[in-house]
Every structure is written in C-alpha cells, then in structure tokens.
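Given next are the chains, with one letter for each unit.
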Amino acid sequence: MTRLPRRPSRRARAAVALCAGLVAALSGCADPDEGTNGVGRLPADAIEQKARAAVDGATAVRVTGELVTSGQTYKLDMRLKKSGGAGSVTAHTAAFTLLRVGDALFLKGSPGFWSQAAGGASASPGGSGAPGGDVAGTLGDKYVKVPAGDPSYKQLRGFTDMGALLDGLLALGGKPAKGDRPTVHGTRTIEVKGGDDAKGGTLDVSLEGTPYPVRLTRAGGAGTLLLDDWGKDFALKAPARDQMVDYGSEIPHT
C-alpha cells in the first residue's frame, strides 16, 4: 500500500511564505533605479553631462536659496528664461527686485537699499540727472532703469541671465563621484559630488523624468540653491511708465 505524503504543517507553510516574502522584498531592493529615468546607472561624469544637457535645453527655471560670492551673502528668489528674468535679491538687510526684459534692466530697491546706495546722504538737486532730495523717499516703490553703461549693470544683469548664472553655479570642482540618493522636495535624486570628499560641491540630479539638477551645494560653504519649475514659462513685461524712473546715464550708487 502506497502511503501518501504528509501535508506540510501550518508552521512549515508559514515559514515558506515568510521566506518567499523576504525573497520578493530583497529582489525589489536589488535595483534602486527601477522606475527612474535610468541616469543613476551611469558613471558620475555621464550623469553630470546628462544634467548639463538638460540645463542647456531648458527654457526656464526658478533659482532660490543662498549664494556667497566675494565675501557677500545673497538670498535669491529668481525666475529666469532666455529672454530675461524677474525676482528678488537680499543682501544683509537691503532687498531689491530685479526685472530684465531683453537688454532692458530695471531695479526696484527697498528704502534700506537706496539709503545704502546713496551713502546715507541726500542727493543734490539737479546736475547729471541725479535725483534731488532723499533718494529712498523720491523713488518710493518705483523701478529705476539701469543704463547699460552704469558700473552696476553687468553685476545686476548677472542675477537675471539664465545661461551665465547656471554655467557659473553648476561647475563642480574635482573629479565627479557618485554619492547618496536623497529625496529633494519630493523628487528622487542622485548626488554627483565634486571629488569623493565633495569639497568641490554637490549636485543633486533628478531620477524622475528629465535629469535636471534640483539642488546645488556649492564648494567651500558658498551657499545652497534649489532649482525647480524647469520649463515653466512666466510673463515678462517692462514696468508701466508711471512705475518707472529713468535717471539717464547713471543711477544712485556708492
């Protein structure tokens, strides 16, 4: 008489099910790039190149955070595109708004900004197109058109120039190396570090959709910036005439 094999006990069946679950879980963790854009599988220098190509093809971006340059700390909130940019910049307690439409650059400063720009003194009336009376009181909340020949034009324009600003910011120092995979504002990313020790800065590149850089930690503690709203268009329009002051060849500055 042939004996039938025993059915596995309930405990044995539970053990088998547990093992199957562990295998499935481990299999799921085996490929961290599943469901991503795949750039995480590339070497660090190729990821950096992909991010650069994405930036070059982008039509717009928003840049927020802190930037330290020449010993000065700036807080930025700028929206940029090829034809210009708009947003705010704060340095110490002085804040100002920038707007560029093509080559026309406009500046709107807080009272603190204009007080610093005028050296804390009232501008003399008349002569060289300079404003009379207290600068901050005269301007109020109006934009000032910055002449292309003014010493501050090039520096201020730099905050609104998408290509120039990103080219300067995104350059890492040292040989690229892959780092961790943090989530930045809900977006899965992979780090590209400037050197194994990240002394050359760190770029977090999106693992979702187009591999845009979404966060930059600059070398030497020179600030951290977030980059988002890639490709999101926004309106650029010069200020109305009654909201603008044109001083001609120069604006108040120290």
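Structure: above.
Residues numbered from 1 in each chain as written. Predicted model: local features only at pLDDT ≥ 70, side-chain atom pairs only at ≥ 80, totals over all residues. Heavy atoms only, no water.

Trainee: Could you clarify how one ought to interpret the pairing of strand 10 (residues 202-206) in this entry?
Mentor: Across a regular strand the side chains alternate sides, sitting on one face of the sheet and then on the other. Of all the five residues making up strand 10, five are buried; the element is thus mostly covered by neighbouring parts of the structure. Across the two faces of strand 10 the burial is the same, with Thr202, Asp204 and Ser206 and Leu203 and Val205 all buried. In this structure, strand 9 (residues 187-194) lies alongside strand 10, joined through five bridges in antiparallel fashion. Across the sheet, the residue bridging to Thr189 is Ser206, located in strand 10. In terms of strand pairing, strand 10 meets strand 11 (residues 213-217) through four bridges, oriented antiparallel. Opposite Asp204, over in strand 11, you have Arg215 as the bridge partner. Between strand 10 and strand 11, which pair antiparallel and follow one another directly, the connecting turn spans six residues, one of which, Gly209, has a positive phi of 65°. (Buried < 20%, exposed > 50% of the residue type's maximum accessible area, 1.4 Å probe, protein only. Helix = DSSP H or I, 4+ residues; strand = E, 2+ residues; numbered from the N terminus. Pairing = 2+ DSSP bridges.)

Trainee: Would you explain the environment of Pro176 in this entry?
Mentor: Its location among the elements puts Pro176 in strand 7 (residues 176-178). On the accessibility criterion, Pro176 (24% relative accessible area) is partly exposed. When residues no more than four places from it in sequence are discounted, the contact partners of Pro176 are Ala44, Asp45, Glu48, Val192 and Lys193. (Contact = heavy atoms within 4.5 Å.)

Trainee: Just checking my understanding: could you explain the pattern of salt bridges for this structure?
Mentor: Side-chain pairs of opposite charge can arise where the charged atoms are in close proximity. For the structure shown, the criterion picks out seven salt bridges. The closest approach of N and O atoms between Arg62 and Asp77, which form a salt bridge, is 2.9 Å. Here Arg62, found in strand 1 (residues 60-69), pairs with Asp77, found in strand 2 (residues 72-81); they are 15 residues apart in sequence, far enough to count as distant. Arg62 sits in the partly exposed class, given a relative accessible area of 29%. Classification of Asp77 by relative accessible area gives partly exposed; the value is 27%. Here Asp103 and Arg157 are joined by a salt bridge, their closest N and O atoms 3.0 Å apart. Here Asp103, found in the loop between strand 4 (94-101) and strand 5 (104-109), pairs with Arg157, found in helix 5 (residues 153-158); they are 54 residues apart in sequence, far enough to count as distant. (Salt bridge = Lys/Arg side-chain N within 4 Å of Asp/Glu carboxyl O.)

Trainee: Help me understand the side chain of Thr189 in this model?
Mentor: Relative to the helices and strands, Thr189 resides in strand 9. Take Thr189: its relative accessible area is 0%, and that puts it in the buried class. A distance of 2.8 Å separates the side chain of Thr189 from the backbone oxygen of Pro182, its partner in a polar contact. In contact with Thr189, not counting residues within four places along its chain, are Asp180, Arg181, Pro182, Val184, Asp204, Val205, Ser206, Leu207 and Val214. (Polar contact = N/O pair within 3.5 Å; in protein donor to acceptor, adjacent residues only side chain to side chain.)

Trainee: Explain helix 2 (residues 44-57) here, please?
Mentor: Across its 14 residues, helix 2 extends 20 Å between first and last C-alpha, which sits within 8% of the 20 Å expected from 1.5 Å per residue. The complete set of buried residues in helix 2 reads Ala44, Ile47, Glu48, Ala51, Ala54 and Val55. Projection of helix 2 onto a plane perpendicular to its axis shows the buried side chains occupying an angular sector of 120°, all on one side. Away from its buried face by more than 90 degrees, helix 2 exposes Gln49, Asp56 and Gly57. (Expected span 1.5 Å × (residues − 1). Arc of directions from axis to C-beta.)

Trainee: Just to check I follow, could you spell out the packing of aromatic side chains for this structure?
Mentor: To describe a pair of aromatic rings, one takes the distance between the centres and the angle between the planes. Under the definition given, this model contains two aromatic pairs. Here Lys81 stacks its cationic end above the ring of Phe234, 5.0 Å away from the centre of that ring. (Phe/Tyr/Trp six-rings, centres within 6.5 Å; stacked < 30°, edge-to-face > 60°. Lys NZ or Arg CZ within 6 Å of the ring centre and 35° of its normal.)

Trainee: Explain the side chain of Asp33 to me, please; I cannot follow it from the model alone.
Mentor: With respect to the helices and strands, the residue Asp33 is situated in the loop between helix 1 (10-29) and helix 2. Classification of Asp33 by relative accessible area gives buried; the value is 5%.

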